[in-house]
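In case you want the letters, here they are:
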2 protein chains.
Amino acid sequence: MPTETTSRLNLSYERLNNYCCRLTRPRQVILDVLDKVDRHLNAEQIYKRASEIYPTLGLATVYRNLELLVRIGLVWKFDVGDDKTRYEIAQWSRETHHHHLICKKCNSVIDYSESIDNERDFLREREKNLSRKYNFKIENHCIDFFGLCSKCKNTD
Amino acid sequence: MPTETTSRLNLSYERLNNYCCRLTRPRQVILDVLDKVDRHLNAEQIYKRASEIYPTLGLATVYRNLELLVRIGLVWKFDVGDDKTRYEIAQWSRETHHHHLICKKCNSVIDYSESIDNERDFLREREKNLSRKYNFKIENHCIDFFGLCSKCKNTD
DNA sequence: TCTCCTATTGAGAATGGTTCTCATTAATAC
DNA sequence: GTATTAATGAGAACCATTCTCAATAGGAGA
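Residues numbered from 1 in each chain as written. Chains lettered and ligands numbered in written order. Predicted model: local features only at pLDDT ≥ 70, side-chain atom pairs only at ≥ 80, totals over all residues. Heavy atoms only, no water.

## A short note on the relation of the copies chain A and chain B
Turning chain A through 180° and shifting it by 0.0 Å along the axis lays it on chain B, with an RMSD of 0.1 Å. On the angle and the small slide along the axis, the relation comes out as a two-fold axis. For chain A, the smallest separation between a C-alpha atom and the rotation axis is recorded for I143 of chain A, amounting to 2.3 Å. A shared binding surface is used by both copies, with 100% of the interface residues of chain A retained as interface residues in chain B. (Least-squares fit on C-alpha atoms with pLDDT ≥ 70 in both. Contact = heavy atoms within 4.5 Å.)

Below, the structure written as structure tokens:
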């Protein structure tokens, strides 16, 4: 019986197929790392973890595939201001979609997703208005709050 | 009689003073460029424009001062995904604060700010909740919508 | 107005995350 | 299997940004 995790990975593999991309070992390993991890990793960190599973992996391959995965929507990337792009597995479902609280000082990231229902309604309405007004096809959004986390707030 | 623009610049100069930063020619010129321009420029573009006014300006000086201006809140920076940080003069007032529509294909940026009142109310409430829940001091937020602009939508 | 102190600058070198190149390998179609 | 060609690994290259350091110039006080 497939767990939730394996079925999410299976969906990812299927999507790769739909885009005529080969299902290679590096791609599986990278997706696997992103799927398992709870934090937002940069390319170097993903490379390090993936290398433990697949030691001959190259860093360039990690970059190439992250770019691909972002392009076909399986992975999202974002920037917290430390010049290293961070990546997370795409969360399309109602339950798992979330936004970020980013600490300006230590660059840590907190996800939040609870009580997000009115946020969703609000955004849907907003996107509809903006699309019409600017003739712009909105595919995604990014809501980040910047400030000081509980630790850094007290040492500031 | 001071125009709106000159008074905004004067406020900026005052703020530099408050932070014990000298009011140097490069800083004036950079602020002046950012104040006048309607688009979101990257460091290179700011350097190019500022050099026309102050030809001996160095690129490193532009980077250093943009960092300073961001730190003291006179300038905001953000990223559209082309690996070049963009900068805009900080818009703190109710009338001028805005968010972005970013085209994934041509990296163009549209500001929107109209009918933003309910957005502001929504965000204020949200920030209050998040601050309490995560003991996080929210200082700023970033709302960007990504997608395809009217031009790119049709050539896709 | 002059002088001093030191923050700031300009130029070029250095850094480092990311991308490119190219010979080699391996995933898929037949 | 075999052929085709997308994908890979290694290292070089790229390029936005930061660093270094001697020279310059704000601005406080005399």
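What follows picks up the thread again.
## Some words on the protein's contact with DNA strand C
As a structural note, the neighbourhood of DNA strand C is formed by 22 residues, with L23 and Y63 of chain A together with T24, T61 and R64 of chain B the closest of them. The contact atoms of DNA strand C, taken as those within 4 Å of the protein, divide so that sugar and phosphate hold 67%. Side-chain polar atom of Y63 of chain A to a phosphate oxygen of DNA strand C: 2.5 Å apart, as the coordinates give it. Broken down by secondary-structure element, the contributors of at least two residues to the surface near DNA strand C are helix 4 (59–71) of chain A together with helix 2 (25–36) and helix 4 (59–71) of chain B. Split by residue class, the surface near DNA strand C holds nine nonpolar, six polar and seven charged. (Near = heavy atom within 4 Å. Polar contact = N/O pair within 3.5 Å; in protein donor to acceptor, adjacent residues only side chain to side chain. Helix = DSSP H or I, 4+ residues; strand = E, 2+ residues; numbered from the N terminus. Nonpolar A, V, L, I, M, F, W, Y, C, P; charged D, E, K, R; others polar.)

## Structural notes on the protein's contact with DNA strand D
Neighbouring DNA strand D are 23 residues; T24, T61 and R64 of chain A together with R22 and Y63 of chain B lie closest to it. Atoms of DNA strand D within 4 Å of the protein: sugar and phosphate make up 66%, bases the balance. Contact distances for DNA strand D include 2.4 Å between a phosphate oxygen and a side-chain N or O atom of Y63 of chain B. One nitrogen or oxygen atom from the side chain of R64 of chain B is found 3.4 Å from a base oxygen belonging to DNA strand D. For the surface near DNA strand D, the secondary-structure elements that each account for two or more residues are helix 2 (25–36) and helix 4 of chain A together with helix 4 of chain B. Residue composition of the surface near DNA strand D, by class: 10 nonpolar, six polar and seven charged.

## Some remarks on the domain arrangement of chain A
Residues and elements named next belong to chain A. When its domains are assigned, chain A resolves into domain 1 (1–90) and domain 2 (93–156). The distance between the C-alpha centroids of domain 1 and domain 2 comes to 22 Å. Taken together, the contact pairs eight residues of domain 1 with nine residues of domain 2. Together, the buried faces of domain 1 and domain 2 total about 760 Å²; carbon and sulfur atoms form 53% of this surface. When the buried surface of domain 1 facing domain 2 is broken down by residue, H40, W76 and V80 rank first, second and third, together holding 52% of it. Seen at the junction of domain 1 and domain 2, the total is four residue pairs in polar contact (both at pLDDT 80 or more). For the side of domain 1 that touches domain 2, the secondary structure elements donating two or more residues are strand 2 (75–78) and strand 3 (86–89). (Domains from an automatic or database assignment. Buried area = accessible area lost by both parts, 1.4 Å probe.)

## Points about the sheet that holds strand 6 (residues 137–148) of chain B
The six strands are arranged 5(A)-4(A)-6(A)-6(B)-4(B)-5(B) in an open sheet whose pairing can be described as mixed. Unpaired on one side and paired on the other, strand 5 (109–112) of chain A together with strand 5 (109–112) of chain B mark the two borders of the sheet. Strand-to-strand twist of the sheet, defined as the mean angle between neighbouring strand axes without regard to direction, takes the value 25°. Both strand 4 (residues 99–103) of chain B and strand 6 of chain B contribute to a ladder of four bridges, which runs parallel. Looking at strand 6 of chain B, one finds that L101 of chain B is bridged to F145 of chain B. (Pairing = 2+ DSSP bridges. Axes fitted to C-alpha atoms, helices over the stretch in contact; angles between N-to-C directions.)

## What to know about the pairing of strand 4 of chain B
Burial runs high along strand 4 of chain B: five of the five residues are buried. The antiparallel hairpin formed by strand 4 of chain B and strand 5 of chain B contains five residues in its connecting segment, where N107 of chain B sits at a positive phi of about 60°. (Buried < 20%, exposed > 50% of the residue type's maximum accessible area, 1.4 Å probe, protein only.)

## Brief notes about the sheet that holds strand 1 (residues 41–42) of chain A
Residue and element names in this part refer to chain A. Here we have three strands laid out as an open sheet, ordered 1-3-2, and antiparallel in their pairing. A single partner strand is all that each edge strand has here, and the edge strands are strand 1 and strand 2. One ladder, built from two bridges, connects strand 1 with strand 3; its direction is antiparallel. Within strand 3, the residue paired with L41 across the bridge is Y87. Contacting strand 1, strand 2 and strand 3, helix 2 runs over the sheet at an angle of about 85° to strand 3.

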